[in-house]
Amino acid sequence: MADSVAAGLIAVGIVIAIALILLYNSIYVVQQAEGIVIERFGKVQKVLDSGIHFVVPFVDSPRSFMWKKVVAGLNGHLETRDASSYRIDLRESIFVFPAQEVYTRDTILLDVHSVMFYRIVDIKKAVYEVDDLNMAIANVAQTQLKEVFGNMTFTEALASQSTINAYIKKSFGERFAQWGLVVERMEVLDMLPKQGTTIADAMKRQMIAERSRRADFIQAEGKKAAMRLLSEGTKLQKYNMGVAEQESTRKTSEGLAGAKVELARAERKSLELISAAFEADGASQTEYVISQRYMAMFLNMAQNVDKKSLFFPYETKGLSGLIGDLRGVYGHNRTVRSCT
């Protein structure tokens, strides 16, 4: 009885194990942006996209796919490694081309480094239309690069990298469409003359000379701009100083003119008052002015102590007559007192 129970449990365990194995081999969970090619007895059956799928175990099997995976190495440079899996990545991938030697139209040997960004859009074509996809891509790239650079000079190649990228992308797109690939963009990373050649040394000297020329040009442009700004600043300063001086002169002139006007008005008022006083006293205005200046002259002569000689009128009667005439100058009602 115990033996039969044990045998039954073993049989149940075997059945469960077989069922789990069959279930494991019949279920495929495909991630987003992935694809799996399913073959049945060596013939393509279907392509699994993202999601969960069921297949016939041990009858349907996935097809392995070989490609090159680009990773960053320890030194920071991109490295290409071979990878094999039945899960095909549909995201944008990078293909780094090995350095290729090409000749330009002026027979300069160049080392060209380029990189391509592509996506697999048709899994069946990528798997079945070409034996070695990576080798096919490398050979097409080598042919197209030689054709492109052979139609232009080295100087044109340096100045037309965008044109080169566009032409290569278009040419690759036509070739790679039959393999289920779409070229997103093609970039030429670097192109240099072959090391150790005379052209490389000449180009190096030319590059150094060109950079020195550009540095001198930029420095000269900087000095020119500085001198221009300095001259403009000096010009503006002189202009402002001239405007300020002109305004100051105008204000001074206006002040002097106003002062003279006020002085003339005051003098006129003074003369009017003096004239009115003379008319009231019956005096002569002309004789008053003459006597004032005559007395001022004598006062100046008396105050000049450095002089040893004083000059008076020859006839003293003239002086006394002048003093007597002051009565007529200052009016009939005034009395002139003489000093003894």
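Residues numbered from 1 in each chain as written. Predicted model: local features only at pLDDT ≥ 70, side-chain atom pairs only at ≥ 80, totals over all residues. Heavy atoms only, no water.

Some points on the packing of helix α3 (residues 133–149) against helix α5 (residues 161–176)
What counts here: Axis definition: a line fit to C-alpha positions, over the contact stretch in the case of helices; interaxial angles, taken between N-to-C directions, run 0 to 180 degrees. Runs of E in the DSSP output that reach at least two residues are strands. Runs of H or I that reach at least four are helices, and both are numbered from the N terminus. Each angle is binned into one of four classes, with values under 35 degrees roughly parallel, values over 145 roughly antiparallel, values of 65 to 115 roughly perpendicular, and all other values oblique. Each helix crossing is assigned a hand: it is left-handed if the near helix lies turned anticlockwise from the far helix by less than a right angle, otherwise right-handed if that turn is clockwise. Contacts are assigned to residue pairs that have any heavy atoms within 4.5 Å of one another.
It is the contact of α3 with α5, at a shortest axis distance of 10 Å, that shows an interaxial angle of 140°. Considered as vectors, α3 and α5 are oriented oblique to each other. Between α3 and α5 lies a crossing whose hand is right-handed. Of α5, the residues touching α3 (which contributes I137, V140, A141, Q144, L145, E147, V148 and F149) are I164, Y167, I168, S171, F172, R175 and F176.

Some remarks on the side chain of Q100
Mapped onto the fold, Q100 is located in strand β10 (residues 100–103). Here Q100 is in contact with L110, D111, V112, A138, A141, Q142 and L145, once residues within four sequence places are set aside.

Overview of α3
Using the following cut-off: The span you would expect from a helix comes to 1.5 Å times its residue count less one. Burial classes: relative accessible area under 20% of the type maximum marks a residue as buried, over 50% as exposed, and values in between as partly exposed (1.4 Å probe, protein chains only). Any N or O atom pair separated by 3.5 Å or less is treated as a polar contact, with the protein-specific requirement of one donor-capable and one acceptor-capable atom, and with residues adjacent in sequence counted only for side-chain atom pairs.
In a regular helix each residue adds 1.5 Å, so 17 residues correspond to 24 Å; α3 covers 24 Å between its end C-alpha atoms and thus fits that length. Considered for burial, the residues of α3 that qualify are L133, N134, A136, I137, A138, V140, A141, Q144, L145, V148 and F149. The backbone nitrogen of N134 lies 3.3 Å from a side-chain oxygen of the residue at the head of α3, namely D132.

Comments concerning the pattern of salt bridges
Rule in force here: We define a salt bridge as a side-chain nitrogen of Lys or Arg found within 4 Å of a carboxyl oxygen belonging to Asp or Glu.
Here the structure, examined in full by the defined rule, presents 10 salt bridges. Here R185 makes a salt bridge to E92, at a shortest N to O gap of 3.4 Å. Here the residue R185 occupies a position in strand β12 (residues 181–193), and E92 occupies one in the loop between β8 (88–89) and β9 (93–96), the gap between them amounting to 93 residues. Linking E254 and R250 is a salt bridge whose minimum nitrogen-to-oxygen distance equals 2.6 Å.

Concerning the environment of L22
Mapped onto the elements, L22 comes out in helix α1 (residues 2–26). L22 gets classed as partly exposed once you look at its relative accessible area, which sits at 32%. Distance from L22 to P57, taken between C-alpha atoms, is 5.9 Å for residues 35 residues apart in sequence. Here L22 is in contact with P57 and F58, once residues within four sequence places are set aside.

Points about the confidence of the model for the protein
Detailed reading of the predicted coordinates is not advisable wherever pLDDT is low. What counts, and what does not: Predictor confidence is given residue by residue as pLDDT, running from a minimum of 0 to a maximum of 100.
The share of residues in the protein with pLDDT of 70 or more is 79%, and the mean pLDDT across the chain is 78. Note on residues 329–340: pLDDT is under 50 here. Beyond four places in sequence and across chains, it has 20 contacts.

Quick notes on the UniProt feature "transmembrane region" (unreviewed entry) in the protein
Applied cut-off: UniProt positions are given in the numbering used here, feature names are shortened, and annotations may be inferred rather than shown by experiment.
Under the local residue numbering, the UniProt record ascribes the feature "transmembrane region" (unreviewed entry) to residues 6–30. Between the C-alpha atoms that bound residues 6–30 there is a distance of 40 Å. The span itself is 84% helix and 16% strand.

Describing α5
Heads up, the condition is: Throughout, the arc means the angular range of directions from the helix axis out to the C-beta atoms.
With 16 residues, α5 should cover 22 Å at 1.5 Å per step; its first-to-last C-alpha distance of 22 Å lies within 8% of that length. For α5, the set of buried residues is I164, N165, I168, S171, F172 and F176. Each buried residue of α5 lies within a common arc of 140° when the element is viewed along its axis, so the set occupies one face. Residues S162, K170 and E174 are exposed on α5 and point more than 90 degrees away from its buried face.

Section: unusual backbone geometry
The phi angle at A33 is positive, at roughly 65°, despite the residue not being glycine. Within the secondary structure, A33 sits in the loop between β1 (27–30) and β2 (34–40). A relative accessible area of 26% places A33 in the partly exposed class. Even without a glycine there, the phi angle at T107 is positive, about 55°. As for its placement among the helices and strands, T107 is situated in the loop between β10 and β11 (109–120).

So, the packing of aromatic side chains
Each aromatic ring pair is specified by the distance between its two centres and by the angle formed by the two planes. Under the convention used in this document: For this analysis, a ring pair means two rings from Phe, Tyr or Trp (six-membered ring only for Trp) whose centres lie within 6.5 Å, classed as stacked if their planes differ by under 30 degrees, edge-to-face if by over 60, and tilted for the remaining angles. Only when the NZ atom of a Lys or the CZ atom of an Arg is both within 6 Å of the ring centre and within 35 degrees of the ring normal do we say a charge sits over the ring.
Scanning the model with the defined rule gives 3 aromatic pairs in all. Here F176 and W179 contribute two aromatic rings whose centre-to-centre distance is 5.5 Å and whose plane-to-plane angle is 25°, an arrangement assigned as stacked. Comparing F176 with W179, the two get one shared label, buried. Directly above the aromatic system of F117 lies the positively charged group of R185, at a separation of 3.9 Å from the ring centroid.

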